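Read off the chains here:
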Amino acid sequence: MFVKPAPGRAVRWPGTMRLLKASGETVPETGFWLLLLRNGDVVQSTPPAASAAVVTAAPSPSHLSGGAAAVPEPAEAHA
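K.L.:
Can you lay out the overall build of the protein chain for me, pointing to particular residues and giving the numbers?
P.N.:
A tally of regular secondary structure across the protein chain gives 2 helices and 3 strands. Mapped in sequence order, the helices and strands of the protein chain form the string β-β-α-β-α. Each of the 79 residues in the protein chain was classed as buried or not, and the buried ones make up 19%. When contacts within the protein chain are restricted to residue pairs at least 6 apart in sequence, long-range pairs at least 24 apart make up 46% of them. Total accessible area computed for the protein chain in this model is approximately 6000 Å², and 61% of it derives from carbon and sulfur atoms.

Below, the structure is given as structure tokens:
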């Protein structure tokens with residue numbers, strides 16, 4: 001389900017204690033998030049259009065990279 005923090009609220013992910021993005025995020029439908037929804041700490045919303053969120057990288061030609069194409073790491077891996 002896609003949720004955003006309610007106005008004036010800051011909500012943290014369990015385990016990592018990272019703040020939920022103000023623009024909203026897709027979260028698992030677990031008891032934790034359902035409780036926050038019921039208590040009014042988060043509001044259910046619709047995710048932004050998928051076409052605006054998807055960024056594709058141009059593949060590198062295999063004949064120029066020695067046969068192995070580079071695979072970019074997700075940005076979240078460096079957070």
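Text resumes after the structure shown.
K.L.:
With reference to specific residues and values, describe the side chain of E25.
P.N.:
Assignment of secondary structure puts E25 in strand β2 (residues 25-26). Looking at E25, the relative accessible area reads 11%, which means it is buried. Within the local environment of E25, its side chain forms a polar contact with the side chain of R18, the two groups lying 3.0 Å apart.

The rules behind these values
- Throughout, residues of each chain are indexed from 1 in the direction in which the sequence is written.
- This being a predicted model, a pLDDT of at least 70 is required before a residue's local features are given, and a value of 80 or more before pairs of side-chain atoms are given or counted; all residues contribute to the totals for chains, interfaces and linings.
- Think of the side-chain values as coming from all heavy atoms in the structure, minus any hydrogens and water.
- A run of H or I in DSSP becomes a helix once it reaches four residues, and a run of E becomes a strand once it reaches two; helices and strands are each numbered from the N terminus.
- Relative accessibility thresholds used throughout: buried, under 20% of the residue-type maximum; exposed, over 50%; partly exposed, between the two (1.4 Å probe, protein chains only).
- Contacts are assigned to residue pairs that have any heavy atoms within 4.5 Å of one another.
- Using a 1.4 Å probe, the Shrake-Rupley method yields the accessible areas, and only the shown protein chains count as cover for residues.
- Each polar contact in these results corresponds to two N or O atoms within 3.5 Å; when the atoms are within protein, one needs to be able to donate a hydrogen and the other to accept it, and residues that are neighboring in sequence are counted only if both atoms are side-chain atoms.

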